[in-house]
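# Report on the structure
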Amino acid sequence: MGDTVMTISSIATVLIVVVIYGAGTDYNLFLISRFREELQNGTDGDKRTATRTTVQHIGESIFNSAATTVTGFLAMAFTQFGLFNTTGPILAVSILVTLLVSMTLTPAVLSLLGMRTFWPRRLATMRQNATNHLYVGLANTLRRYPAPIAALLLAGAIPLALYGVQYQVTYDFFDDLPDDVESVRGFRLLEEHIGPGEMQPVTLLSTVEGDDLLVESARLTESIAAVEGVATVRSGVQPFGAAHPTAGFSRLDVQLTTLGNATAPADAEPTPEQQEMFDALLADLPAYLDQVAEADPALAENPAYDDARTALGAEAGPDLPQLSASLLALAEAAQPRYLPLETLPAGVGAMFGGAQMSGLVNSFINADENVLRFEIVLADSPSSNQAMDTIEALLERLAGETVATVATGGTAVSLDLRQLIAEDLLLTVVLVLSGIFIILAIMLRSLVAPVYLVGTIVLSYTTTLGMTRIASDVLFDAPELVFWVPFMIFVFLVALGIDYSIYLFSRIKEEIRKGHPMTEAVTRSVAIAGSIIAMAGLIVAGSFIALTTGNIVGLQQVGFAVGVGILVDTIIVRSVLVPAIAILVGKWSWWPGPMVAATQRSAQSAHDKRASQPELAPVEGR
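Structural notes, computed from the coordinates. All values reported here derive from a predicted model rather than from experimental measurement.

## Section: the environment of alanine 407
Mapping alanine 407 onto the fold places it in strand E6 (residues 404–408). Here alanine 407 falls in the partly exposed class, since its relative accessible area comes to 25%. For the pair alanine 407 and threonine 203, spaced 204 residues apart in sequence, the C-alpha separation works out to 5.7 Å. Those residues in contact with alanine 407 that sit more than four places away from it in its chain are Val202, Thr203, Leu204, Ile391, Leu395 and Ala412.

Okay, structure coming up:
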């Protein structure tokens, strides 16, 4: 499929393993546990009947679980970032294959093996030890204190959730690699000695309307330099940056100052080469003064202009002291004007680097397209959020000062990435939670239970983010999450965690249909299914926590988050918090579906019988 239908990202091969292992474990464990229960409740361990009943009761749960997981992964196909939209579909295919195998091969094997599946345990022994006393005790506690338990868990989870949603991410690709990798060490060494901003400057291309591109370049250079976070600007008017001695060689005042200093009498005897350049300068200065008068007519009226002409035309040779003083006086009086280096007479232009300097200046100016180039050295690390904020501020500022401005470079890529990730995460959250809500509503024939089930999913996700922030800083020495980690945590935690809600509520429905009222149906379901959910969570968590043994920081963070998040979700949220909420909401969990009436009938018919029965006696004797 990777050659013809879809693109498979490099990270997908790692994630396929843990997804198939995790989901497959859930599906098979649900089937095997129910198969064992049916054998325990059946006559002489009839394996065919047990298999058929198992598929009838668990098949819907597994199918709906797979549907929600596929929904989550397929939602990734609508994202813009390639890592997400190429990974999601292949993971969805993996879940479908896992579903097909689990619903066909596993029941067939169970039907063939029967009690031999649980060898060396015997049926009689299994029946004697059918009750999990830990979860029976938990169920009884939930029956007595649902409100305090729910309040206590929420009080512990909400602060972590609030801390989690304030996470910071890094877009530095080197942060995802170990510090001792040779490429990372080399890059960090260069950053230390050259500076991170110089290592990764940002290029801006601005289309302007003005005729004098040097004037426009100067105007925008000043505007860019005024933005907080900009350390240096290289442009057509300062190709080496503002701090360089040759900055602004195209400016008229800079040119006149440079020429005034160059024509001052020298203390040492010039070399033949220097004398030759100086003679060429003096020969071309009259032509240059003509350009000055044309560029700034006010200077032609300045007495210093005539003094410079007079000094050049002295009979005994140029009067250098007067010439120097006149040029410096003209520099002080000059208006903000620009003389392109390529237009200067050769002898004068040589003082400013000649053709090489002219070519450098012109590399920042495209006269044919009216496009100006600016090279920005940032004060902050180019991959930091502060640097991205600076580029964002620059683009916003120049949007009102140019026809169009675009940015390129590492920081610009990170800025685009930040915007894409934020949009993709929001889109995925909406699509996935909406899809889960719809599937739960159809499955449960209810609009109420899906609301608090989806709410607990969000709580699990944000709480996990909080724990991951703490663990990443302490265990992985990474205070910031890798940029793609929060997205992956959401998809995996939601897609896999919903299995347990569906399994639990399927069992609650079944218990209500057997005639048990809501509270008893919930507590019986916890007593029966709680240990299975916890065991499934432990196995799935183990497959993800294994990722923390790798060297890629992002995979370590995902492995910890999903592994620990699944444990919290299965052991606390699904087995304790959700049942407590379900008991508190009562029959209205099923509104407006037919289960509301069924719950009322069960409660009425069981009212008198339950008065004399011990707590969870039906569970003990199942």
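## Some thoughts on the pattern of salt bridges
Two side chains bearing opposite charge may form a pair once their charged atoms approach each other closely. The full count for this structure, using the stated rule, is 18 salt bridges. For arginine 219, the salt bridge goes to glutamate 216, with nearest N and O atoms at 2.6 Å. Separated by three residues within a single helix, arginine 219 and glutamate 216 lie in helix H9 (residues 213–225), roughly one turn from each other. Relative accessible area serves as the criterion here: at 35%, arginine 219 is assigned to the partly exposed category. A salt bridge links arginine 373 to glutamate 375; the shortest N-O distance between them is 3.7 Å.

## Considering a nonpolar patch on the surface
A grouping of Val97, Val101, Leu105, Val109, Leu112 and Leu113 is seen on the molecular surface, where their side chains present a nonpolar patch of about 500 Å² in accessible area. The topology assignment puts valine 101 in helix H3 (residues 82–113). You can call valine 101 partly exposed: its relative accessible area is 38%.

## Things to note about the packing of helix H10 (residues 252–262) against helix H11 (residues 272–295)
Remark: H10 packs on H11, axes separated minimally by 12 Å, with the N-to-C direction vectors making an angle of 150 degrees. The handedness of the crossing between H10 and H11 is left-handed. Contact with H10, carried on its side by Leu252, Gln255, Leu256, Leu259 and Ala262, involves Phe278, Leu281, Leu285, Tyr288 and Val292 of H11 and no other residues of that element. Class assignment of the residues belonging to the contact of H10 with H11 gives a composition of nine nonpolar, one polar and no charged.

## Observations regarding empty space enclosed by the protein
Counted according to the given criterion, the structure contains one cavity of 30 Å³ or more. Taken as a whole, the largest cavity spans an internal volume of roughly 40 Å³. Elements with a minimum of two residues in the lining of the largest cavity: helix H19 (449–475), helix H20 (485–513) and helix H22 (553–585). Broken down by element, the lining of the largest cavity gets its largest block of residues, four residues, from H20. Among the residues forming the lining of the largest cavity, the class breakdown is four nonpolar, two polar and two charged.

## Regarding the packing of aromatic side chains
The way to describe two aromatic rings as a pair is by their centre distance and the angle between their planes. Counted under the stated rule, the structure contains ten aromatic pairs. Look at tyrosine 171 and phenylalanine 483: their rings are 5.6 Å apart centre to centre, the planes differ by 15 degrees, and that puts the pair in the stacked class. Placement of the pair is tyrosine 171 in the loop between strand E1 (169–170) and helix H7 (182–194) and phenylalanine 483 in the loop between strand E7 (481–482) and H20, with a sequence separation of 312 residues. Taken individually, tyrosine 171 and phenylalanine 483 each receive the classification buried, so the pair is uniform in this respect. Linked through ring pairs, Phe81, Phe84, Tyr171, Phe483 and Phe487 together constitute an aromatic cluster. It is arginine 373 that lies over the ring of phenylalanine 364; its NZ or CZ is 4.1 Å from the centre. Between arginine 469 and the ring centre of tyrosine 163, over which it is positioned, the NZ or CZ distance is 3.9 Å.

Basis of the calculations
Residues numbered from 1 in each chain as written. Predicted model: local features only at pLDDT ≥ 70, side-chain atom pairs only at ≥ 80, totals over all residues. Heavy atoms only, no water. Helix = DSSP H or I, 4+ residues; strand = E, 2+ residues; numbered from the N terminus. Buried < 20%, exposed > 50% of the residue type's maximum accessible area, 1.4 Å probe, protein only. Contact = heavy atoms within 4.5 Å. Salt bridge = Lys/Arg side-chain N within 4 Å of Asp/Glu carboxyl O. Patch = residues over 30% accessible without salt bridge, like charges linked within 9 Å, V, L, I, M, F, W, Y side chains within 5 Å. Areas by Shrake-Rupley, 256 points an atom, 1.4 Å probe, with all protein chains shown as cover. Axes fitted to C-alpha atoms, helices over the stretch in contact; angles between N-to-C directions. Left-handed = near helix turned anticlockwise from the far one by under 90°. Nonpolar A, V, L, I, M, F, W, Y, C, P; charged D, E, K, R; others polar. 1 Å grid on protein atoms, 1.4 Å probe; cavity = no way out; pocket = protein on both sides within 12 Å on 5 of 7 lines; lining within 4 Å. Points joined across faces, edges and corners; volume = space filled by probe spheres on them. Phe/Tyr/Trp six-rings, centres within 6.5 Å; stacked < 30°, edge-to-face > 60°. Lys NZ or Arg CZ within 6 Å of the ring centre and 35° of its normal.

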